[in-house]
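# Structure at a glance
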Amino acid sequence: SPPMRILGIETSCDETAASVVLRDENGRGSILGDVVLSQLEEHSAYGGVVPEIAARAHVEALDTLIEEALLRAGVTLDDIDAIAATSGPGLIGGLIVGLMTGKAIARATGKPLYAVNHLEGHALTARLTDGLSFPYLMLLVSGGHTQLILVKGVGDYERWGTTIDDALGEAFDKTAKLLGLPYPGGPAVERAALNGNAERFNFPRPLVGDARLDFSFSGLKTAVRQAAQSLEPVTDQDIADICASFQRAISRTLKDRIGRGLKRFKTDHASVEKPALVVAGGVAANQVLRATLQDLCNKNGFDFIAPPLQLCTDNAAMIAWAGAERFAAGLPADGLDVAPRSRWP
Ligand code: KG4
Ligand code: ZN
């Protein structure tokens with residue numbers, strides 16, 4: 001298909017983002033302009049994302065961000081071939097802001113609109129960054145999702161595993177909160193763990209050995225709470241040891257769960273010469289998690305692909321790219337009556 005430029009819009013959680021992505025005639029992608037505004041400061045006082053505050057912040061920032069993305073890309077709306085906006089899953093207020101903005105631009109310019117599933121954006125990112133071919137496995141670990149997905153093609157996904165309770169990022173955030181560490185919890189737990197003894201607490205490793213590929217993290221959080229309560233008053237060293245032991249339990253759990261997934265992939269897709277595991281989501285920043293997955297992939301003959309962190313966390317380049325992939329695959333654009341969906345598996 002001919003080269004195309006797509007404007008992407010992302011507003012499903014607490015990042016407002018706009019991006020212009022080029023897909024060339026050979027199917028290679030490049031990011032021409034990309035801006036992300038994090039609302040971290042707006043929410044940190046509340047220890048989590050407040051939906052109403054998020055929606056208002058998206059309204060205030062989005063128009064300027066789109067102008068900025070176009071400016072950085074050196075293009076105007078005339079040069080854009082299509083608009084892609086996240087339409088779910090996520091916080092409904094933010095989704096309405098982004099999708100309505102996308103519709104307004106599509107309406108005013110007469111260009112096609114793609115309403116993109118946020119998870120599809122994460123799933124296809126490795127094709128934008130690494131030109132990966134189908135099929136491959138993707139582990140999405142963020143504040144809202146923990147999913148192991150078989151990516152077979154554009155619009156063709158199989159969910160192999162999901163969390164039956166907390167998302168992995170949520171487990172980090174809740175653990176941090178009950179240890180009195182700042183929000184967001186993931187980076188704080190990782191930092192504290194650097195000085196800790198990972199052997200001190202033998203925290204549970206939920207579902208290890210289970211034949212399904214699902215995850216569970218709420219029991220781990222409960223064990224952390226009990227450990228902290230049994231130590232009152234908790235010292236900095238206790239906190240460091242708890243964090244290190246917590247990460248070790250997660251590392252062991254992932255080794256088992258993802259290890260099973262890799263073996264299943266090899267059985268089901270024996271003809272794939274160089275199988276790959278892609279990681280995405282904010283928790284992908286964690287060095288212990290990365291080392292665990294890298295090691296697991298080495299042992300199983302998989303390529304481990306971790307896109308640059310700014311493309312692992314929420315961004316609009318992945319949404320623009322998902323639109324480009326749908327366009328190139330000949331999938332139809334969406335009508336301007338398409339509705340946002342807070343839940344969209
Ligand atoms: O993908 P993301 O930026 O936002 C969504 O959830 O959509 O992920 C945020 C999550 C938070 O739960 C945060 O605590 C976690 O990613 N996180 C980390 C680290 N950095 C961010 N978790 C563990 N270790 C980290 N270094
Ligand atoms: Zn996300």
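Values in this document were obtained by computation on a predicted structure and should not be read as measured data.

## Notes on the domain arrangement of the protein chain
- Per the domain assignment, the segments making up the protein chain are domain 1 (4-130 + 314-328) and domain 2 (143-309).
- Centre-to-centre, using C-alpha coordinates, domain 1 lies 28 Å away from domain 2.
- The partner domain 2 presents 14 residues to the 13 residues of domain 1 that form the contact.
- Those elements that place two or more of their residues in the side of domain 1 that touches domain 2 are α4 (118-130) and α11 (317-328).
- Per-element tally for the side of domain 1 that touches domain 2: the top contributor is α4, with seven residues.

## Notes on the environment of Leu-132
- By secondary structure assignment, the location of Leu-132 is in the loop between α4 and β6 (136-141).
- Residues Leu-132 and Ile-305, 173 residues apart in the sequence, show an inter-C-alpha distance of 9.4 Å.
- The residues contacting Leu-132, other than those within four sequence positions of it, are Ala-126, Arg-127, Ala-276 and Ile-305.

## A short note on the pairing of strand β9 (residues 276-280)
- Burial of β9 is extensive: five of the five residues sit out of reach of the surface.
- Of the two faces of β9, the one holding Ala-276, Val-278 and Ala-280 and the one holding Leu-277 and Val-279 are both buried throughout.
- In the sheet, β6 pairs with β9 via four bridges, with the strands oriented parallel. Its bridge partner being in β9, Leu-137 is matched across the sheet by Leu-277.
- As paired elements, β9 and strand β10 (residues 303-305) share three bridges and run parallel to each other.

## With respect to the packing of helix α5 (residues 168-178) against helix α7 (residues 218-231)
- Where α5 meets α7, the closest approach of the two axes is 10 Å, and the angle between their N-to-C directions is 15°. Relative to α7, the element α5 lies roughly parallel. The crossing of α5 and α7 is right-handed. Residues Ala-171, Lys-174, Thr-175 and Leu-178 of α5 form the contact with α7, whose participating residues are Leu-220, Lys-221, Val-224, Arg-225 and Ala-228.
- Per-class residue counts for the contact of α5 with α7 are five nonpolar, one polar and three charged.

Cut-off values and rules
Residues numbered from 1 in each chain as written. Chains lettered and ligands numbered in written order. Predicted model: local features only at pLDDT ≥ 70, side-chain atom pairs only at ≥ 80, totals over all residues. Domains from an automatic or database assignment. Contact = placed C-beta atoms within 7 Å. Helix = DSSP H or I, 4+ residues; strand = E, 2+ residues; numbered from the N terminus. Buried ≥ 20, exposed ≤ 12 C-beta atoms within 10 Å, placed from the backbone. Pairing = 2+ DSSP bridges. Axes fitted to C-alpha atoms, helices over the stretch in contact; angles between N-to-C directions. Parallel < 35°, antiparallel > 145°, perpendicular 65-115°, else oblique. Left-handed = near helix turned anticlockwise from the far one by under 90°. Nonpolar A, V, L, I, M, F, W, Y, C, P; charged D, E, K, R; others polar.

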